[in-house]
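Take a look at the letters that make up each chain.
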Amino acid sequence: MRAVQLSAVVLGLGLLASCDYSGDWLFAGAVEGVPGVVHLGDLTPVQINTFSDIAEAVVYGEVGPTGTAEVGGVTFTFQGNGGSVCLWVDPEIATWNTAVAETAPLRRWTWPDNVFDDGDLDISAGLAVYYTGSPGEKIGSFEVRYTDALGETVPIELNECSMIGFRGQDGAHAGRGTPEYCTLSATLPGVSYMVLLENWSPPLDDSRLGYGVLLAEGDCNVLKATAGVHEECLIQGEAIDPSAPDAPGPWTGLSSVPVLPGAAAFEAAYCDAGVKMRDWCEEEDLTNACALPLCEDSAEGVDCRTVKCFCGDPTDMPNGGSF
């Protein structure tokens, strides 16, 4: 009896071993024409004096999935200037938590967000000599290893762009669709630094992650004070039109980037505290039929919608007292 059971186990293991299992279905497929690893080259920190200076200093582009389990993302280098340098990235496009209470200021957000068009880029940075990746070919990290006096291999994290979460945790990141930034203080003059924007989550709708990145002189807190706007609104235009002939970029300056039709109006509404997003989204729904289901009369089940909707489907709105 035991021999039969053992034979069954061995047979099962043999079948598993013979399967050509890659796990590719767990990852977004590569997008033709949109690289999964991008290197922007050497950028120069710019001086920001007014909010209007920001728009034309931002570098825009798109990055796609690698199509494998390999992590992808965007890198660039810059030379230290002896002072502080602010790294700021805003991934496509904007997001909010749906409010179910009609109370101020929550009532502004009582409409679901379209989460399928949002992506996430995580920042890390440090001296270029410590970067383990190959720019433009393979994403790495800033973790190095050395052997101590006892012969033990010890990992050391040399990422200088460590952010603190709202609960005080070290190494926090901003999350999907929201900007992320950090300040590198007292950079070494003339020494090369590497910045990594790791593609943590590409948008579910097309896997093309648009972004805007700003490299500015000084502290990020000073930059925020100079801009005088909500963090999400410091960089705008990061929703790239994938049909643009020169996509996936890169482009420098808001005036040169092909913004997705309707994205500018959406960001303007989002950034205007006087606009109730529920009203804006309701108008978008009436105009563009955002709640339109898949073609009921089509055997292929293709999406009937021909206009991009930046707000979510109102039928996904939870009811009070429900889960």
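Nothing here was measured: the structure is a model prediction, and the numbers come from that model. (Residues numbered from 1 in each chain as written. Predicted model: local features only at pLDDT ≥ 70, side-chain atom pairs only at ≥ 80, totals over all residues. Heavy atoms only, no water.)

Trainee: So what's going on with the overall build of the chain? Residues and values would help.
Mentor: Helices and strands together make up the secondary structure of the chain, namely 5 helices and 11 strands. Across the 323 residues that make up the chain, the buried fraction comes to 41%. In the chain, the share of contacts with a sequence separation of at least 24, taken over all contacts with a separation of at least 6, comes to 76%. Per element, the accessible surface of the chain, about 17100 Å² overall, is 56% carbon and sulfur. (Helix = DSSP H or I, 4+ residues; strand = E, 2+ residues; numbered from the N terminus. Buried < 20%, exposed > 50% of the residue type's maximum accessible area, 1.4 Å probe, protein only. Contact = heavy atoms within 4.5 Å. Areas by Shrake-Rupley, 256 points an atom, 1.4 Å probe, with all protein chains shown as cover.)

Trainee: I'd like to hear about unusual backbone geometry, residue by residue, with values.
Mentor: Across the junction of Glu 92 and Ile 93, the peptide omega takes the value -15°, indicating a cis bond. Tracing the backbone through its elements, the reader meets Ile 93 in the loop between strand 4 (85-91) and strand 5 (120-127). Following Gly 249, the chain continues to Pro 250 via a peptide bond in cis, the omega torsion being 15°. Looking at the element boundaries, Pro 250 is found in the loop between helix 3 (220-227) and strand 11 (251-252). For Ala 186, which is not glycine, the phi dihedral falls at a positive 50°. Assignment of secondary structure puts Ala 186 in the loop between strand 8 (180-184) and strand 9 (192-201). Residue classification places Ala 186 among the exposed residues on the basis of a relative accessible area of 54%.

Trainee: Describe the state of the cysteines, and please don't skip the residues or the numbers.
Mentor: The bond known as a disulfide is covalent and runs between the sulfur atoms of two cysteines. Within this structure, the stated rule accounts for 4 disulfides. The partner cysteine of Cys 161 in its disulfide is Cys 182, sulfur to sulfur 1.7 Å. Across the S-S bond of Cys 161 and Cys 182 the torsion is about -120°, and the bridge reads as left-handed. With a gap of 21 residues between them, Cys 161 in the loop between strand 7 (153-157) and strand 8 and Cys 182 in strand 8 connect regions that are remote in the sequence. Like Cys 182, Cys 161 is buried. Here Cys 233 engages in a disulfide with Cys 271; their sulfurs sit 2.0 Å apart. Classification of the bridge connecting Cys 233 and Cys 271 rests on its S-S torsion, roughly -105°, and on that basis the disulfide is left-handed. Linking Cys 233 in the loop between helix 3 and strand 11 with Cys 271 in helix 4 (residues 263-271), this pair joins segments that are 38 residues apart in sequence. The buried category is assigned to Cys 233, whose relative accessible area is 4%. With a relative accessible area of 29%, Cys 271 lands in the partly exposed category. (Disulfide = S-S within 2.5 Å.)

Trainee: For the nonpolar core, give the residues involved together with the corresponding values.
Mentor: Counting residues in each nonpolar core, the largest one holds 25 residues, and the members touching the most others are Leu 40, Phe 76, Phe 78, Leu 87, Leu 197, Tyr 211 and Val 213. Of all the elements in the fold, those that place two or more residues in this core are strand 1 (37-42), strand 2 (59-63), strand 3 (73-79), strand 4, strand 5, strand 8, strand 9 and strand 10 (209-217). Non-local contacts of Leu 87, meaning those with residues more than four positions away in its chain, are made with Phe 78, Ile 123, Ala 125, Cys 161, Glu 180, Tyr 181, Cys 182, Leu 184, Val 195, Leu 214, Leu 215 and Cys 220. (Core = buried A, V, L, I, M, F, W, Y, C linked by side-chain atoms within 4.5 Å.)

Trainee: How would you summarise the packing of aromatic side chains if you had to cite specific residues and measurements?
Mentor: Tallying each qualifying case throughout the model produces 10 aromatic pairs. Plain terms: the ring middles of Trp 88 and Tyr 181 are 4.2 Å apart, the flat faces sit at 10° to each other, and that makes the pair stacked. Of this pair, Trp 88 sits in strand 4 while Tyr 181 sits in strand 8, and the two are 93 residues apart along the sequence. Accessibility classification places Trp 88 together with Tyr 181 in one group, the buried group. Taken together, the ring pairs connect Trp 96, Trp 109, Phe 266, Tyr 270, Trp 280 and Phe 310 into an aromatic cluster. (Phe/Tyr/Trp six-rings, centres within 6.5 Å; stacked < 30°, edge-to-face > 60°.)

Trainee: Quick rundown of the sheet that holds strand 11? Include the residues and the values.
Mentor: Strand order in this open sheet of 5 strands is 8-4-10-2-11, and the pairing throughout is antiparallel. Strand pairing shows two members of the sheet lacking a second neighbour, strand 8 and strand 11, which therefore form its edges. Lying over the sheet, helix 3 contacts strand 4, strand 8 and strand 10, oriented at roughly 60° with respect to strand 4. (Pairing = 2+ DSSP bridges. Axes fitted to C-alpha atoms, helices over the stretch in contact; angles between N-to-C directions.)

Trainee: Hey, could you go over the environment of Pro 35 for me, with residue numbers and the actual values?
Mentor: Among the structural elements, Pro 35 can be located in the loop between helix 1 (2-18) and strand 1. When the C-alpha positions of Pro 35 and Pro 65 are compared, they lie 7.4 Å apart, and in sequence the two are 30 residues distant.

Trainee: So what's going on with the sheet that holds strand 5? Which residues, and what values?
Mentor: Strand order in the open sheet made by the 4 strands is 1-3-9-5, with mixed pairing throughout. Of all strands in the sheet, those with a lone pairing partner are strand 1 and strand 5, marking the two edges. The sheet shows a mean angle of 15° between the axes of neighbouring strands, taken without regard to direction. With 7 bridges joining them, strand 3 and strand 9 adopt antiparallel strand pairing. Its bridge partner being in strand 9, Gln 79 is matched across the sheet by Ser 192.

Trainee: Outline the pairing of strand 2, listing residues and values.
Mentor: Where burial is concerned, most of strand 2 is hidden: 5 out of the 5 residues are buried. Note: strand 2 against strand 10, 5 bridges, orientation antiparallel. The residue bridging Val 63 from the neighbouring strand is Leu 209, located in strand 10. Looking at chain direction, strand 2 and strand 11 are connected through 2 bridges and run antiparallel. Paired with Val 59 across the two strands is Thr 252, which belongs to strand 11.

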